[in-house]
Amino acid sequence: MEGELNNFLRLSVMAMASLLYCYLIAAKIPKGLLRLLSLIPVITLLSIIPFNLHSFHIGVPTWCYLAWLANFKLLLFAFEQGPLSSPSSLSPWGFLAFLLTAAFPFKIKQNLSKTNSKALPNSISEASNKAVLLALVLHCYSYKQYFHQQVLLTFYFLYSYFSIQLLLAVGAIPGQLILGLELEPQFNAPLLSTSLQDFWGHRWNLRVSDLLRAAVYDPVRHVSTRMIGPRWASLPAVFVTFFISGLVHELLYHYITRASPTWEVTLFFVLQGMWVDMEIVLKKKMVATNRFRLHRAVSGPLALAYIAVTAAWLSYTQILRHGIDEKITREFNLFVDFLEGTHSILRRNLVLH
């Protein structure tokens, strides 16, 4: 564990130095190809250095923050787009705001109103609540020998649901505590989704959706509009966006398992893109003309069931096959033992004094 923490500290210093270069030097280069070329070494470095981390609960968040989200922000920054190119949001705080915005998954509200004293604890309590729920799921999973395989898949679904929310909630805390700003929500009640399009586009993991929309969807839709017209331009844009998301998730799974890609998780997102496109076609052909409309009480559960079934088939089984679930529970148990040992030492010192 000590070696892992030392690697994390070295990685953090390298990431901060790289982003300082982006802020002081790359930002002065004219937007476009020249700035992109100046950012390629940083993007490459941020993609590689997380591989020096091997623990799940330190390595995976670091990969997501740097190799995925920060790199997408830098790609947009090369063309003076995205959150790093918003001077009204960043200028009052300089490099600190640039660093936090690049390295953490939050979005500053455009009105820039200061958060009140009651708002700050709420963001921390949200992360705390997700951590408690996650700990409960992991505790139940430690008794997996008593559960059927389908129940274990349910536990892993819950783990994924709560861990992603915790990951983004924790990532938003630095921006709110240090900058003292109002932030956009990370999720919008995904379990209340009325369709696949509603789930992926408006409710689930909104910060990633923002980046994919700006970096992939909008450019592809712009080109498609010229080629096939505005009515159906969203179809190739949606499919390409899900395909790119699948490739990024494939890289994430490669990082987690350190095994050759199986392309299962890419297929998962390709299927999501295909069905979202089908929804768009059906809505334009049937719902818009009032010929047919499913009630949200039916369409919502159907959409969530489709996501759960395809995820169990193409995503969770891959994690179980590589024993990542055992690695997760083992790290959790080590963390619990560490907390219990620390508590015992502190209590013993208090008694002695």
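If you're wondering where the values come from, they're calculated on a predicted model, not measured in any experiment.

Further remarks concern the environment of Pro-83. The residue Pro-83 is located in the loop between helix H3 (56-77) and helix H4 (87-90) in this model. When its relative accessible area of 29% is taken as the criterion, Pro-83 is described as partly exposed. The sequence separation of Pro-83 and Ile-108 amounts to 25 residues, and the corresponding C-alpha distance is 8.4 Å.

Right, let's get into the UniProt feature "transmembrane region" (unreviewed entry) in the protein. Mapped onto this structure's residue numbering, the UniProt feature "transmembrane region" (unreviewed entry) falls at residues 7-26, 32-53, 60-78, 90-106, 156-179, 235-256 and 294-316. Along residues 60-78 the backbone is 95% helical and 0% strand, and the end-to-end C-alpha distance reaches 26 Å. Note that residues 235-256 is 100% helix and 0% strand, and that its end C-alpha atoms are spaced 32 Å apart.

Turning to unusual backbone geometry, a few remarks are in order. The residue Glu-80 is not glycine, and still its phi comes out positive at about 60°. On the secondary structure map, Glu-80 appears in the loop between H3 and H4. Phi angles above zero are rare outside glycine, and Arg-258 is one such case at about 55°. Take Arg-258: it is sitting in the loop between helix H10 (234-257) and helix H11 (264-287). For Arg-258, a relative accessible area of 36% gives the class partly exposed.

Further remarks concern the pattern of salt bridges. Per the counting criterion, the structure on display carries eight salt bridges. Asp-325 is the salt-bridge partner of Lys-144, the closest N and O atoms lying 3.3 Å from each other. Here Lys-144, found in the loop between helix H6 (119-141) and helix H7 (149-179), pairs with Asp-325, found in helix H13 (residues 324-352); they are 181 residues apart in sequence, far enough to count as distant. For Asp-325, a relative accessible area of 6% translates into the label buried. Residues Asp-198 and Arg-203 are paired through a salt bridge, measuring 2.8 Å at the closest nitrogen-oxygen approach. Each member of the pair Asp-198 and Arg-203 is classed as buried. Salt bridges linked by common partners bring Lys-107, Arg-207, Asp-210 and Arg-213 together as one network.

Attention now moves to the packing of helix H1 (residues 2-24) against H3. Helix packing geometry: the angle between the two helix axes and the distance between the axes. Contact geometry of H1 with H3 gives a least axis separation of 12 Å together with a crossing angle of 10°. Taken together, the axes of H1 and H3 are roughly parallel relative to one another. Residue-level inspection shows Glu-4, Leu-5, Phe-8, Leu-11, Ala-15, Leu-19 and Cys-22 of H1 in contact with H3, the latter providing Ile-58, Thr-62, Leu-66, Leu-74 and Phe-77. Its residues placed into classes, the contact of H1 with H3 shows ten nonpolar, one polar and one charged.

Here we come to helix H2 (residues 33-48). Compared with the 22 Å implied by 1.5 Å per residue over 16 residues, the 23 Å span of H2 between its first and last C-alpha is a close match. A maximum bend of about 40° is found in H2 at Leu-39, where proline Pro-41 lies one to four positions downstream. Along H2, the positions that sit buried rather than exposed are Arg-35, Leu-36, Ser-38, Leu-39, Val-42, Ile-43 and Leu-46. Contacts from the buried residues of H2 go to H1 and H3.

On to the side chain of Asn-205. Relative to the assigned elements, Asn-205 resides in the loop between helix H8 (196-203) and helix H9 (206-228). When sequence neighbours within four positions are dropped, the list of residues in contact with Asn-205 reads Ile-164, Leu-168, Gln-186 and Phe-187.

A separate point is a nonpolar patch on the surface. Taken together, the side chains of Phe-239, Phe-243, Leu-247, Trp-263, Met-274, Trp-275 and Met-278 make up a nonpolar region of the molecular surface, amounting to roughly 650 Å² of accessible area. The set of elements that each furnish at least two residues to the nonpolar patch consists of H10 and H11. For Phe-239, a relative accessible area of 31% corresponds to the partly exposed category.

With that out of the way, let us pick up H3. End to end, H3 covers 29 Å across 22 residues, agreeing with the expected 32 Å (1.5 Å per residue, within 8%). Along its length, H3 reaches its greatest deviation from straightness, about 30°, at Ala-70. Of all 22 residues making up H3, 19 are buried, and the element is well covered by its neighbours.

Take the nonpolar core next. Counting 86 residues, the largest nonpolar core has Trp-63, Trp-68, Leu-74, Tyr-159 and Trp-200 as its most contacted members. Beyond its immediate sequence surroundings of up to four residues, Trp-63 is in contact with Pro-50, Phe-51, Trp-68, Val-248, Leu-251, Leu-252 and Tyr-255. Of all hydrophobic cores here, the second largest spans eight residues; its members include Leu-100, Ala-172, Leu-181 and Leu-183.

Another point: the packing of H3 against H7. Where H3 meets H7, the axes come as close as 11 Å, and the angle between the chain directions of the two elements is 65°. When the axes of H3 and H7 are compared, the crossing they make is right-handed. Along the contact surface, H3 presents Phe-56, His-57, Pro-61, Cys-64 and Tyr-65, while H7 presents Tyr-159, Leu-167, Val-170 and Gly-171. When the residues that make up the contact of H3 with H7 are grouped by side-chain class, the tally is seven nonpolar, two polar and no charged.

If you walk through the whole model with that rule in mind, you get 23 aromatic pairs. The ring of Tyr-255 is capped by Arg-258, whose NZ or CZ atom sits 4.5 Å from the centre of that ring. Just above the ring of Trp-232 sits the side chain of Lys-284; from NZ or CZ to the centre is 5.2 Å.

About the cut-offs
Residues numbered from 1 in each chain as written. Predicted model: local features only at pLDDT ≥ 70, side-chain atom pairs only at ≥ 80, totals over all residues. Heavy atoms only, no water. Helix = DSSP H or I, 4+ residues; strand = E, 2+ residues; numbered from the N terminus. Buried < 20%, exposed > 50% of the residue type's maximum accessible area, 1.4 Å probe, protein only. UniProt positions renumbered as here; feature names shortened; annotations may be inferred. Salt bridge = Lys/Arg side-chain N within 4 Å of Asp/Glu carboxyl O. Axes fitted to C-alpha atoms, helices over the stretch in contact; angles between N-to-C directions. Parallel < 35°, antiparallel > 145°, perpendicular 65-115°, else oblique. Contact = heavy atoms within 4.5 Å. Nonpolar A, V, L, I, M, F, W, Y, C, P; charged D, E, K, R; others polar. Expected span 1.5 Å × (residues − 1). Bend = angle between axes of the 7 residues up to and from the residue. Patch = residues over 30% accessible without salt bridge, like charges linked within 9 Å, V, L, I, M, F, W, Y side chains within 5 Å. Areas by Shrake-Rupley, 256 points an atom, 1.4 Å probe, with all protein chains shown as cover. Core = buried A, V, L, I, M, F, W, Y, C linked by side-chain atoms within 4.5 Å. Left-handed = near helix turned anticlockwise from the far one by under 90°. Phe/Tyr/Trp six-rings, centres within 6.5 Å; stacked < 30°, edge-to-face > 60°. Lys NZ or Arg CZ within 6 Å of the ring centre and 35° of its normal.

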